[in-house]
2 protein chains.
Amino acid sequence: MKATTTPMIGAELAKVFGHIERHQDAFVSRLLDYLKHPSISSDNIGMDEVAQLLVSMLKRMGFETRTIPTSGYPMVLGRWQHAPGAPTVLLYGHYDVQPADPLEAWISPPFEPAIRDGRVYARGAGDNKGQHFAQILAIESHLAVHGRLPCNVLFLLEGEEEIGSPHIADFVKANRDLLRSDLVVTADGPMHESGSPIITYGVRGVVSFELRARAANRDVHSGNLGGLVPNPIWTLVHLLATMKNADGQITIEGFDDDVSAPTDLERAAAARLPHDVEEVKRALGLTRLDSPSDRSVADRIMFHPTLTINGFHGGYGGPGLKTIVPHEAFVKCDARLVERQAPDDILRKIEAHVKKHAPEVEFVGLESTPPSRTPVDAPFSEIVQSAVRTAHRVEPLIYPSLGATLPDYAFTKILGTPSFVVPYANADEANHAPNENIRIDCFLKGVRTGAALLDGLGRSVWPKGL
Amino acid sequence: MKATTTPMIGAELAKVFGHIERHQDAFVSRLLDYLKHPSISSDNIGMDEVAQLLVSMLKRMGFETRTIPTSGYPMVLGRWQHAPGAPTVLLYGHYDVQPADPLEAWISPPFEPAIRDGRVYARGAGDNKGQHFAQILAIESHLAVHGRLPCNVLFLLEGEEEIGSPHIADFVKANRDLLRSDLVVTADGPMHESGSPIITYGVRGVVSFELRARAANRDVHSGNLGGLVPNPIWTLVHLLATMKNADGQITIEGFDDDVSAPTDLERAAAARLPHDVEEVKRALGLTRLDSPSDRSVADRIMFHPTLTINGFHGGYGGPGLKTIVPHEAFVKCDARLVERQAPDDILRKIEAHVKKHAPEVEFVGLESTPPSRTPVDAPFSEIVQSAVRTAHRVEPLIYPSLGATLPDYAFTKILGTPSFVVPYANADEANHAPNENIRIDCFLKGVRTGAALLDGLGRSVWPKGL
């Protein structure tokens, strides 16, 4: 954690910070109240109730608020648009949570929030209720102190993030005008394990597919008929070997065509990240990293696509041996994509490759999500960084990209809006796991970050030193 | 089935054939008696009783008979050695049978032999009691008519063939002198589905092995860590691709070194076999044969080794997708070997190949059996062929080799004795299956074949035209 010069805080923000400090116990207590309400999208538990709860919260702050139905759970949209000339920030979050199983592993029940050791324990504490509730409190604090917000705010809360955001893209496409904004900020995910705040500018995309091979209509004896009957496992092995070579280069024709190299700024930001390769190797029990061997960690997980075999199954798998030529086999794969690879184009290229090299193999495209990357020097980037710096009093780590997939592309690619992910939760928030939690200091720093962001956005067009 | 000129039958054999014809009902009735006794080696049911039954049968014919213990079930060895100067034939068979499950699929109970439509139905009817009992009756018929046998006979009956003959090689090694003979004849397996008798001169060998790969100590997220963490499935795919190429050539260094090409005689015999490729493709639903594409069926299943992946398992195999980098995977393989590939040498070469191309992959050698091939023009070959011709009145099909594994090598490689497999059972004997059966006409032709064989062997050294 790199200490930084304490930034100058304007008088207006200082008053908001004061308000936050005076109300911190009440804020935590209200967080506990919010976390009592389950909203498990995968099990359809409490979804409407929590959507209505959010509508009330936003309305109480004077937001023009409504739910917008999708073919799944509704989106909650709130709008405060009384700062003409100031930028509009779209704050994205999600009100659904993961199921709480296994219940017996929780020290306190998942929907009976408890405070222990400076943390709030409950399902959703970190992912994502604690984080978007911090945004709400930041707005509320500004309004309480100043009676107004320094910039325009759109609040978009989704109810399907934990089940893969199946409707976000169509929703954004259908509501471009409603969602018009200058930047998107998402408070989700964990900060760095060192405690450093981070800002993420992008994510890799993903395509998933399955390759299925069949030969005979049944397994046959490898002695009687071996040499005569084709083996679908060999077919898949030879096909796969044409898709990525032993040096780790993906060899599907055209696969890399649209890969855009990171900018100097992105490279420089990535180079400053504290990747501890030896610790990763130790924790995972690795003797080496994946091929190609000459790539930096950042290159591996941010700037290069991957082709991963998730599973390969065919033939006999029990103890001992069974001397058969198996008759069917399948492989499940995913490819992580980087800017500007387009999932549909990549799936077409993979399918064409399969057709060319193993026409008898069935290709089945599964899910896909485009990559997203907001330039490190995008508009408002410095304001987002400054807000984090102001709230945390340390320099944030800049992640040009993450390995994982998020629906970020809906904002960057469909709306064409820069998008920043600013996690408020501690690294050990245990999201998706028993005993999910958020550290109270992280939660309050989140409220401050949200407040500083609104303040910074207001200053960005208003005369300095107001 | 190719008709052949009826061979001249000598007076001595004609008398024996006459005896067989007169006693055929009694022979069938005695076969039913024998089949009543279960002898299931895998379940240790009735093994001693049937071994003792055989000892009595052989002793009653004047054979010097004993059981020889192994660390499994005993060998039954009978000897008639009163034809000085005449050759000695070792008749091999096995007195154990497969389990009878599923019992409910049997029309008549497996150990209550029944005659229907000219067939005897019972477990062991074809595999192998009906066949070695035919040999016993052939000997008995010679003795009944002539009071003596035309050649010397060793009878070796194993009790562990159905569990993989785990002790035959050591037994043969330890009892070379006892088993000294001029040829081995095994009546086992089915004739051709056209009804043609066949003689088999060899079998492929086999080695089995497993390749195991591990990388991380657990599955990891393919987005977060894909590109960083090695994938054991890719490791195995790339290793396997170095072992056999997409054209079907095995590319393990030295693998083919000891493959001896078939002789002209073997090629000619193989070319005469009625392989119906289109029928095999139709029955198995194949659109093509295995690579390489330019091989005859005989080349595929007799004269070339194979490298078969029996099973490949690693990572996610359930429905939908799971975007992981899996942490372990394994492959089970077998290689079918031809003369003169030695299993130990081949396993060493495969292991060396693995060490060279993927040192992190664990190689585990499993079972192995050497190949065996008796030349088509080996000593006594013509006599065996002539015996079949005499009994069946058609030309036998000559199989230089079979794809499947048999313990033939124990005779050819350890004793150095030519070995011939002469099946007596019908092609639809349903061995290892419910409703196992032997056609009564096949059984009686088997008795005649055995009788003609002894006669032919006697003539081979005695003056012709006795």
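The rules behind the values
- The written sequence of each chain sets the order in which its residues are numbered from 1.
- Each chain is given a letter, starting from A, and each ligand a number, starting from 1, according to the order in which they appear as written.
- For a predicted model such as this one, the threshold for reporting local features is a pLDDT of at least 70, and the threshold for listing and counting side-chain atom pairs is 80 or more; totals across whole chains, interfaces and linings nevertheless cover every residue.
- Secondary structure elements follow DSSP: runs of H or I no shorter than four residues count as helices, runs of E no shorter than two count as strands, and numbering proceeds from the N terminus.
- As a reference, a globule follows 2.2 Å times the number of residues to the power 0.38, and the radius of gyration itself is taken over C-alpha atoms.
- For every residue, the other C-beta atoms within 10 Å of its own C-beta are counted; 20 or more classify it as buried, 12 or fewer as exposed, and values in between as partly exposed. C-beta atoms are placed from the backbone.
- Least-squares superposition of the copies uses the C-alpha atoms of those residues scoring a pLDDT of at least 70 in each of them.
- Working definition of a contact: two residues with C-beta atoms, positioned from the backbone, lying within 7 Å.
- At least two bridges found by DSSP between two strands is the condition for calling them paired.
- As annotated, the domain borders come from an automatic or database domain assignment.
- Under the scheme applied here, ten amino acids are nonpolar (Ala, Val, Leu, Ile, Met, Phe, Trp, Tyr, Cys and Pro), four are charged (Asp, Glu, Lys and Arg), and all others, including Gly, are polar.
- Taking the helix axis as origin, the arc is that swept by the directions to the C-beta atoms.
- Note on geometry: axes are C-alpha line fits, over the in-contact stretch for helices, and angles between N-to-C directions span 0 to 180 degrees.
- By the definition adopted for this analysis, an angle is roughly parallel if under 35 degrees, roughly antiparallel if over 145, roughly perpendicular if from 65 to 115, and oblique otherwise.
- Each crossing is labelled by how the near helix is turned from the far one, with a counterclockwise turn of less than a right angle marking it left-handed and a clockwise turn marking it right-handed.
- In these notes, a nonpolar core means any group of buried Ala, Val, Leu, Ile, Met, Phe, Trp, Tyr and Cys residues linked to one another through C-beta atoms within 7 Å.
- Here pLDDT means the predictor's own confidence in every residue, given as a number from 0 to 100.
- To estimate how far a helix should extend, the number of its residues minus one is multiplied by 1.5 Å.

A. Structural context of the overall build of chain A. Within chain A, the secondary structure is distributed over 13 helices and 19 strands. Relative to a compact globule of 466 residues, whose C-alpha radius of gyration would be 23 Å, chain A shows 25 Å and is just as compact. In terms of its C-alpha atoms, chain A occupies a principal-axis envelope of roughly 85 × 50 × 45 Å. The proportion of buried residues among the 466 residues of chain A is 53%.

B. Structural detail: the relation of the copies chain A and chain B. Between the two copies, chain A and chain B, the superposition gives an RMSD of 0.2 Å; the rotation angle is 180° and the shift along the axis is 0.1 Å. Here the copies are linked by what is in effect a two-fold axis. Within chain A, the C-alpha atom positioned nearest to the axis of rotation is that of His313 of chain A, 2.3 Å from it. Both copies present the same face, since 100% of the interface residues in chain A are matched by interface residues at the equivalent positions in chain B.

C. Geometry of the pairing of strand 3 (residues 88-94) of chain A. All names here are of chain A. Among the seven residues of strand 3, six are classified as buried, and the element is accordingly described as predominantly covered. Bridging between strand 3 and strand 6 (residues 152-158) involves seven bridges; their strand directions are parallel. When the bridges of strand 6 are listed, Leu91 appears paired with Phe155. Judged from the four bridges that link them, strand 3 and strand 7 (residues 183-186) form a sheet pairing that is parallel.

D. The domain arrangement of chain A, seen in detail. All names here are of chain A. Under the domain assignment, chain A is made up of domain 1 (11-203 + 372-459) and domain 2 (205-259 + 305-369). Just the C-alpha atoms count here: the centres of domain 1 and domain 2 sit 40 Å apart. Between domain 1 and domain 2, the contact holds five residues from the first and five residues from the second. Looking at the side of domain 1 that touches domain 2 residue by residue, the class counts come to one nonpolar, three polar and one charged.

E. Main features of helix 7 (residues 264-271) of chain A. Residues and elements named next belong to chain A. Among the residues making up helix 7, those that are buried are Glu266, Ala269 and Ala270. Down the axis of helix 7, the sector holding all buried residues measures 100°, keeping them to one side. In helix 7, the exposed residues that point more than 90 degrees away from the buried face are Asp264 and Ala271. Looking at the packing, one finds that the buried side of helix 7 touches helix 9 (297-303) and strand 17 (397-399).

F. Structural context of the packing of helix 11 (residues 381-392) of chain A against helix 13 (residues 440-459) of chain A. All names here are of chain A. Following both chains from N to C, one finds helix 11 and helix 13 inclined at 140°, their axes separated by 8 Å at the closest point. The orientation of helix 11 with respect to helix 13, classified from their angle, is oblique. In the packing of helix 11 onto helix 13, the handedness of the crossing is right-handed. On helix 13, the residues touching Ile383, Val384, Ser386, Ala387, Val388, Thr390, Ala391 and His392 of helix 11 are Lys445, Arg448, Thr449, Ala452, Leu453, Gly456 and Leu457. Its residues placed into classes, the contact of helix 11 with helix 13 shows eight nonpolar, five polar and two charged.

G. Focus on the sheet that holds strand 5 (residues 119-121) of chain B. Residues and elements named next belong to chain B. Strand order in the open sheet formed by three strands is 4-5-19, with antiparallel pairing between adjacent strands. The two strands at the open ends of the sheet, each matched to only one other strand, are strand 4 (114-116) and strand 19 (437-439). Across the sheet, the axes of successive neighbouring strands diverge by a mean angle of 25°, strand direction being ignored. This element, helix 13 (residues 440-459), spans strand 5 and strand 19 of the sheet and lies at about 70° to strand 19.

H. Highlighting the nonpolar core. Ranked by size, the top nonpolar core spans 258 residues in total, and within it Val185 and Val384 of chain A together with Val185 and Val384 of chain B carry the most contacts. Setting aside residues up to four positions removed in sequence, Val185 of chain A forms contacts with Val89, Leu91, Val384, Phe420, Val422 and Leu453 of chain A.

I. Structural context of unusual backbone geometry. Looking along the chain, the bond that leaves Asp101 of chain A and enters Pro102 of chain A is cis, with omega of -5°. Its location among the elements puts Pro102 of chain A in the loop between strand 3 and strand 4 (114-116). For the peptide bond that leads from Asp127 of chain B to Asn128 of chain B, omega is 5°, which places it in the cis range. When you line up the elements, Asn128 of chain B lands in the loop between strand 5 and helix 4 (129-146). The backbone phi angle of Asn435 of chain A is positive, close to 60°, even though this residue is not glycine. By the element assignment, Asn435 of chain A lies in the loop between strand 18 (419-421) and strand 19 (437-439). Positive phi, normally seen in glycine, also occurs at Asp117 of chain B, with a value near 50°. Secondary-structure assignment places Asp117 of chain B in the loop between strand 4 and strand 5.

J. How the structure looks around the interface of chain A and chain B. Taken together, the contact between chain A and chain B spans 63 residues of the former and 63 residues of the latter. For the side of chain A that touches chain B, the class distribution of residues is 30 nonpolar, 23 polar and 10 charged.

K. Here's a closer look at the confidence of the model for chain A. Residue and element names in this part refer to chain A. Per-residue pLDDT for chain A has a mean of 94; in total, 97% of the residues score no lower than 70. The low-confidence segment residues 462-466, where pLDDT is below 50, has three contacts with residues more than four positions distant or belonging to other chains. The complex model carries a pTM of 0.89, and its ipTM stands at 0.90.

L. Expanded view of the packing of helix 2 (residues 24-35) of chain B against helix 4 of chain B. All names here are of chain B. For the pair helix 2 and helix 4, interaxial distance at closest approach is 11 Å and the crossing angle is 135°. Taken together, the axis directions place helix 2 and helix 4 in an arrangement best described as oblique. As for the relative orientation of helix 2 and helix 4, their crossing is right-handed in sense. Contacts between helix 2 and helix 4 involve Phe27, Leu31, Tyr34 and Leu35 from the first element and Lys129, Gly130, Phe133 and Leu137 from the second. Considered class by class, the residues forming the contact of helix 2 with helix 4 number six nonpolar, one polar and one charged.

M. Local environment of the sheet that holds strand 5 (residues 119-121) of chain A. Residues and elements named next belong to chain A. Spatially, the three strands line up as an open sheet ordered 4-5-19, and their pairing is antiparallel. The open sheet terminates on both sides in strands that have one partner only, identified here as strand 4 and strand 19. On average, adjacent strands in this sheet sit at an angle of 25° to one another, irrespective of strand direction. Seen against the sheet, helix 13 touches strand 5 and strand 19 and runs at an angle of roughly 70° to strand 19.

N. Quick look at the environment of Ser181 of chain A. All names here are of chain A. With respect to the helices and strands, Ser181 occurs in the loop between helix 5 (168-174) and strand 7. Using a count of 21 C-beta atoms within 10 Å as the deciding quantity, one classes Ser181 as buried. Once the C-alpha coordinates of Ser181 and Arg459 are considered, the two residues, 278 residues apart in sequence, prove to be 17 Å apart. Setting aside chain neighbours within four positions, we find Ser181 in contact with Thr88, Val89, Leu90, Leu154 and Thr417.

O. Region of interest: the environment of Leu183 of chain A. Residue and element names in this part refer to chain A. Mapped onto the secondary structure, Leu183 falls in strand 7. The class for Leu183 is buried, based on 24 C-beta atoms found within 10 Å. Residues Leu183 and Asp127, spaced 56 residues apart in sequence, show a C-alpha to C-alpha distance of 22 Å. Not counting the four nearest positions on each side in its chain, Leu183 is found in contact with Pro87, Val89, Phe380, Thr417, Pro418 and Phe420.

P. Region of the structure containing the environment of Asn426 of chain A. Residues and elements named next belong to chain A. Summarising the element assignment, Asn426 is placed in the loop between strand 18 and strand 19. Its 22 C-beta neighbours within 10 Å are what place Asn426 among the buried residues. When the C-alpha atoms of Asn426 and Glu193 are compared, they prove to be 7.4 Å apart, with 233 residues separating the residues in sequence. Apart from the residues lying within four places of it in its own chain, the contact partners of Asn426 are Pro190, Met191, Ile438, Arg439 and Cys442.

Q. Region of interest: helix 13 of chain A. Compared with the 28 Å implied by 1.5 Å per residue over 20 residues, the 29 Å span of helix 13 of chain A between its first and last C-alpha is a close match. Burial of helix 13 of chain A is extensive: 19 of the 20 residues sit out of reach of the surface.

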